[in-house]
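Here's the letter readout for the chains.
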Amino acid sequence: MTTIETWINNHESVYKAATRHSFIISIRHGSVDLSSFKRWLGQDYLFVRKFVPFVGSVLVKACKESDDESDMEVILSGLASLNDEISWFKKEAAKWDVQLSAIAPLQTNQNYCRFLESLMQPDVSYAVAITAFWAIEAVYQMSFAHCLEDDAKTPSELREACERWGNEGFGKYCDSLKKIANRCLSKGSNDVQVKAEAMLLQVLELEVEFWSMSDGQI
Ligand code: HMH
């Protein structure tokens, strides 16, 4: 078993809470409250704007610390898709009459963004940062792919959002990130492994809270 597989098995309940949250299940059932979807849209736009510099910091760490030059292309493709994502959020917000410039980050979103900032510090190793990057992307991939399964009743006007993260190409990209993370972790010291596992748990908890915030539960 890979390091990440072992950790997912060890933390199955929080992994499930993050990837099968009631907000996602409500999209999949077609019962989602549209005000929740709009709240998610506005808050996630703000999150993604903070996620870009974090991914930039992972790219810088890869250039300095990676022993495989192909890592750069994978991370760069992630940045390219974030560029498309920002345009998509703007277009989607216009479609739903959500005024992005008027939105302030809610507390849960602020907490998550502060966590991203802490991971941008130079003393955080590449192995820890790339594991966080994979986890953040993988939660969205797993969640939204669930809304596109054959028996899902996802409303047609929400399918495009689900397809952004639930499509096969995004799945392959997440697999590439996972492979890089596992390679770095297997070469990492015990200290790096302990830090990375704790960080993975924090990501999963923050993702659960982000969904709950979107759903208006907190
Ligand atoms: C909160 N987690 C959150 N927002 C996102 N857009 C992603 C993960 C994946 O990009």
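Residues numbered from 1 in each chain as written. Predicted model: local features only at pLDDT ≥ 70, side-chain atom pairs only at ≥ 80, totals over all residues. Heavy atoms only, no water.

Right, let's get into the nonpolar core. Ranked by internal contacts, the top residues of the largest apolar core, which has 78 residues, are Trp40, Phe54, Ile130 and Phe133. Looking at this core, the element that brings in the most residues is helix α7 (residues 126-146), giving 14 residues. If we skip the residues at most four places from it in the chain, Ile130 touches Val58, Ile75, Leu177, Ile180, Ala181 and Cys184. (Core = buried A, V, L, I, M, F, W, Y, C linked by side-chain atoms within 4.5 Å. Buried < 20%, exposed > 50% of the residue type's maximum accessible area, 1.4 Å probe, protein only. Helix = DSSP H or I, 4+ residues; strand = E, 2+ residues; numbered from the N terminus. Contact = heavy atoms within 4.5 Å.)

Moving on, we get to the site of the ligand. Every residue lining the ligand is accounted for by Asp44, Phe47, Val48, Phe51, Glu85, Tyr112, Ile136, Glu137, Tyr140, Trp165, Glu207 and Phe210. For the ligand, a nitrogen atom lies 2.6 Å from a polar atom in the side chain of Asp44. Here Glu137 contributes a side-chain N or O atom positioned 2.8 Å from an oxygen atom of the ligand. When the ligand is considered free in solution it has 290 Å² of accessible area, and contact with the protein chains removes 100% of it. Broken down by secondary-structure element, the contributors of at least two residues to the shell around the ligand are α4 (34-65), α7 and α10 (190-214). The leading source of residues in the shell around the ligand is α4, at 4 residues. (Near = heavy atom within 4 Å. Polar contact = N/O pair within 3.5 Å; in protein donor to acceptor, adjacent residues only side chain to side chain. Areas by Shrake-Rupley, 256 points an atom, 1.4 Å probe, with all protein chains shown as cover.)

Another aspect to go through is the packing of aromatic side chains. The description of two aromatic rings rests on the distance between their centres and on the angle between their planes. Applying the stated criterion to the full structure yields 26 aromatic pairs. Between Phe47 and Tyr112 the ring centres are 4.7 Å apart and the planes differ by 50°, which places this aromatic pair in the tilted class. With Phe47 in helix α4 and Tyr112 in helix α6 (residues 107-119), this pair connects stretches of sequence that are 65 residues apart. When sorted by exposure, Phe47 lands in the same class as Tyr112, which is buried. A ring pair is formed by Phe51 and Phe54, whose centres lie 5.9 Å apart and whose planes are at 25°; its orientation type is stacked. Of this pair, Phe51 and Phe54 both sit in helix α4, separated by 3 residues, roughly a single helical turn. The class of Phe51 is buried, set by a relative accessible area of 2%. Since its relative accessible area comes to 0%, Phe54 is described here as buried. (Phe/Tyr/Trp six-rings, centres within 6.5 Å; stacked < 30°, edge-to-face > 60°.)

Don't take any of this as a statement about function, it's just geometry.
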